[in-house]
Amino acid sequence: VQLQASGGGLVQAGGSLRLSCAASGRSFSSYAMGWFRLTPGKERDFVSAITSSGVSTFYADSVKGRFTISRDNAKNTVYLQMNSLKPEDTAVYYCAASGGLYERTLKTQYNYKYWGQGTLVTVSS
């Protein structure tokens, strides 16, 4: 599976962005998908994940209520709708694919097999 993230950019605090992650390959619907973000000096942090069917979604506490993850298996794409953005959301955002099933598994980056290239989100104050 190859992943291509897009949709990053510069936005003012309080604004919105929608990230997309397009996957190649016919097995997209068998993978859970996740979003992680990386800021300088920190490890890649979990943001959100969605199971392969899309039935279950998981969020980091810092984004709960502001971000929404979704997927369209017919389009081999996963989305991250980000609302009420804050300067601390500034990071490079990565999408990733995992064979995992459970929340604890999907919140850990080491359980993801495939990674996209990252897209930069900058939130100005």
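Residues numbered from 1 in each chain as written. Predicted model: local features only at pLDDT ≥ 70, side-chain atom pairs only at ≥ 80, totals over all residues. Heavy atoms only, no water.

Caption draft 1: Representation of the state of the cysteines within the structure. If you walk through the whole model with that rule in mind, you get one disulfide. Between the sulfur atoms of Cys 21 and its disulfide partner Cys 95 the distance amounts to 2.1 Å. Residues Cys 21 and Cys 95 are joined by a disulfide whose S-S torsion is about 65 degrees; by sign, that bridge is right-handed. One end of the pair, Cys 21, is in strand β3 (residues 17-24); the other, Cys 95, is in strand β9 (residues 91-98), and 74 residues separate them in sequence. (Disulfide = S-S within 2.5 Å. Helix = DSSP H or I, 4+ residues; strand = E, 2+ residues; numbered from the N terminus.)

Caption draft 2: Region of interest: the environment of Arg 104. Following the sequence through the fold, Arg 104 ends up in helix α1 (residues 103-106). Looking at Arg 104, the relative accessible area reads 76%, which means it is exposed. Between the alpha carbons of Arg 104 and Phe 58 there is a distance of 9.6 Å; along the sequence they are 46 residues apart. (Buried < 20%, exposed > 50% of the residue type's maximum accessible area, 1.4 Å probe, protein only.)

Caption draft 3: Geometry of the sheet that holds β3. The strand order across the open sheet formed by four strands is β1-β3-β8-β7, and the pairing between neighbours is antiparallel. Either end of the sheet is taken by a strand with one partner, and the two such strands are β1 (2-6) and β7 (67-72). Shown here is a sheet whose adjacent strand axes are inclined to one another by a mean of 15 degrees, direction ignored. Two strands pair when backbone bridges link them, and β7 and strand β8 (residues 77-82) are joined in this way by six bridges, in the antiparallel orientation. Within the sheet, the bridge partner assigned to Ser 70 lies in β8 and is Tyr 79. (Pairing = 2+ DSSP bridges. Axes fitted to C-alpha atoms, helices over the stretch in contact; angles between N-to-C directions.)

Caption draft 4: Inspection of the packing of aromatic side chains at higher detail. Scanning the entire structure with this criterion turns up five aromatic pairs. Geometrically, the ring pair formed by Tyr 31 and Tyr 114 is edge-to-face, given 5.7 Å between the ring centres and 85 degrees between the ring planes. You can see Tyr 31 sitting in the loop between β3 and β4 (32-38) and its partner Tyr 114 sitting in strand β10 (residues 114-115), a full 83 residues away along the chain. A relative accessible area of 22% means that Tyr 114 is categorised as partly exposed. Centroid distance Phe 36 to Phe 46: 5.7 Å. Interplanar angle 75 degrees. Geometry classified as edge-to-face. Here the residue Phe 36 occupies a position in strand β4, and Phe 46 occupies one in strand β5 (residues 45-50), the gap between them amounting to ten residues. Here a set of aromatic residues connected by ring pairs shows up, and it is made of Phe 36, Phe 46, Tyr 112 and Trp 115. (Phe/Tyr/Trp six-rings, centres within 6.5 Å; stacked < 30°, edge-to-face > 60°.)

Caption draft 5: Representation of the pattern of salt bridges within the structure. Here the structure, examined in full by the defined rule, presents five salt bridges. Across the pair Asp 89 and Arg 37 runs a salt bridge, and its minimum N-O distance is 2.9 Å. With Asp 89 in the loop between β8 and β9 and Arg 37 in strand β4, this residue pair connects regions lying 52 residues apart in the sequence. The exposure classification of Asp 89 matches that of Arg 37, with both residues buried. Between Lys 107 and Glu 103 there is a salt bridge, with its nearest N and O atoms 2.9 Å apart. Ionic contacts of the salt-bridge type, sharing partners, join the residues Arg 37, Arg 66 and Asp 89 into one network. (Salt bridge = Lys/Arg side-chain N within 4 Å of Asp/Glu carboxyl O.)

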